[in-house]
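The primary structure of each chain is shown beneath.
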Amino acid sequence: MKVAGPMQLALDLPLHAADPCYILNPMVQFQRAHLDASFAALSDATRRGILERLGRADASITDLAEKFHMTLTGMKKHVGVLEQAGLVTTEKVGRVRTCKLGLRRLEEEAAWIERYRQLWDARFDELDKIVESLKREERVDGRKKRK
Amino acid sequence: MKNPTTVERKSERELVVTRTFHGPAHIVFEAWTKPELLKRWWAPKSFGISFISCEADVRTGGTYRFVFSHAASEQPMAFFGRYIEVTPHSRIVWTNEESADGAVSTVTFEEKGDKTLLVLHELYPSKQALDDAIASGSTSGAGEQFEQLDTLLVTLVRS
């Protein structure tokens, strides 16, 4: 199940296109859209119940549907909303989708570090060109001095 | 041939960036310390950012102020701070004062034959400061707001 939300859109972007201003100056701006998604996700009593349940143990969509007396489709929708908000992660093993409580901290850190690396890499590619041209200038100056 | 750039979170408070350049240390140092040269590489075009102004008085006790425009943001972004230490051809240390939790950055240039190894070390004031910088810069994070959400979640789960 895939619901297009602000977070999903951001994740779908190639890494280098994802918000350089946040990497450059993380404190200046932050992503409101995600926060809105998180609070929207928490505004529903069933979804709060799901989080509470997952706080005690991981559970499959089927378990959750039974527990909350809902259809599988209905539960998938709720889990989808929580997943979009980054409050829950799911993993499919065989035919069972297991849900866990989680904010994807580690993945976020790895993605941030990679974008940060790309920023410096792009800077250093430009710096390479300047180093080359300064080296050439020095060689020319050196030859002039010897003459 | 292009040299690789590496970034590693060395500890709870530190990020380290490394890169080798095909040139002597004094040339790489010059490109970091002359504003007219700095301007040509610090704001890569591929990141959609460009300099509005670039002031840098690169000597111990000097200050800098970089102002960028960015395609995705209406407001210009300003970065500023002080040079704590400038040792010609080998080391520059500066502060990042646009936020209270800004890092202290140290770049060193180590000449090896006809190459120079550059190491940029960024030390944040606390683990929280670096975590927040990462969280607020991530696609789904929002720094302090996220911390509050975490707390809220813990409360919900326990209730």
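Going by the structure above, here's the rest.
Undergrad: Would you take a moment to explain the overall build of chain A for this structure?
TA: Scanning chain A from N- to C-terminus turns up seven helices and three strands. Put simply, 59% of the contacts in chain A that link residues at least 6 apart link residues at least 24 apart.

Undergrad: I keep staring at the sheet that holds strand E1 (residues 59-60) of chain A and nothing clicks. Help me out?
TA: In a beta sheet, neighbouring strands are held together by backbone hydrogen bonds and run either parallel or antiparallel to one another. Residue and element names in this part refer to chain A. Strand order in the open sheet formed by three strands is E1-E3-E2, and the pairing between neighbours is antiparallel. The sheet terminates laterally at E1 and strand E2 (88-93), the two strands that pair on one side only. Lying over the sheet, helix H4 (residues 45-56) contacts E1, E2 and strand E3 (96-101), oriented at roughly 90 degrees with respect to E3. Packed on one face of the sheet, helix H6 (residues 72-84) meets E2 and E3 and runs near 120 degrees to E2.

Undergrad: It is not clear to me how H4 of chain A should be interpreted in this structure. Could you clarify?
TA: Note: α-helices contain 3.6 residues per turn, so residues at a spacing of three or four share the same orientation. Residues and elements named next belong to chain A. Spanning twelve residues, H4 covers 17 Å between terminal C-alpha atoms, matching the ideal 16 Å at 1.5 Å per step. Considered for burial, the residues of H4 that qualify are Arg 47, Ile 50, Leu 51 and Leu 54. Looking down the long axis of H4, one finds its buried residues gathered within 100 degrees of arc, a one-sided arrangement. Facing away from the buried surface of H4 by more than 90 degrees, the exposed residues are Ala 45 and Arg 56.

Undergrad: Could you clarify how one ought to interpret the sheet that holds strand E8 (residues 115-123) of chain B in this entry?
TA: All names here are of chain B. Reading across the sheet, the eight strands line up as E1-E2-E8-E7-E6-E5-E4-E3 and stay open at both edges, with antiparallel pairing between neighbours. Looking at which strands have only one partner, the edges of the open sheet turn out to be strand E1 (6-9) and strand E3 (49-56). Strand-to-strand twist in this sheet, taken as the mean axis angle between neighbours without regard to direction, amounts to 20 degrees. The pairing of E3 with strand E4 (residues 63-70) spans seven bridges and is classified as antiparallel. Along E4, the bridge assignment pairs Ala 56 with Tyr 64.

Undergrad: Looking at this structure, how should I read the pairing of E3 of chain A?
TA: Strand residues, when the strand is regular, have side chains that alternate between the two faces of the sheet. Residue and element names in this part refer to chain A. In this structure, E1 lies alongside E3, joined through two bridges in antiparallel fashion. Note on E3: the bridge partner recorded for Ala 59 is Cys 99. Here E2 runs beside E3; their pairing, made up of six bridges, is antiparallel. Within the sheet, the bridge partner assigned to Thr 90 lies in E3 and is Cys 99. In this antiparallel pair of consecutive strands, E2 and E3, the connection spans two residues, and Gly 94 shows a positive phi of 65 degrees.

Undergrad: Help me understand H6 of chain A in this model?
TA: Residues and elements named next belong to chain A. End to end, H6 covers 18 Å across 13 residues, agreeing with the expected 18 Å (1.5 Å per residue, within 8%). Residues of H6 that are buried include every one of Met 75, His 78, Val 79, Val 81, Leu 82, Glu 83 and Gln 84, and no others. Following H6 by one or two positions, Gly 86 adopts a phi angle in the positive range, close to 80 degrees.

Thresholds, definitions, all that
- Residues numbered from 1 in each chain as written.
- Chains lettered and ligands numbered in written order.
- Predicted model: local features only at pLDDT ≥ 70, side-chain atom pairs only at ≥ 80, totals over all residues.
- Helix = DSSP H or I, 4+ residues; strand = E, 2+ residues; numbered from the N terminus.
- Contact = placed C-beta atoms within 7 Å.
- Pairing = 2+ DSSP bridges.
- Axes fitted to C-alpha atoms, helices over the stretch in contact; angles between N-to-C directions.
- Expected span 1.5 Å × (residues − 1).
- Buried ≥ 20, exposed ≤ 12 C-beta atoms within 10 Å, placed from the backbone.
- Arc of directions from axis to C-beta.

Read these as spatial facts, not as claims about activity.
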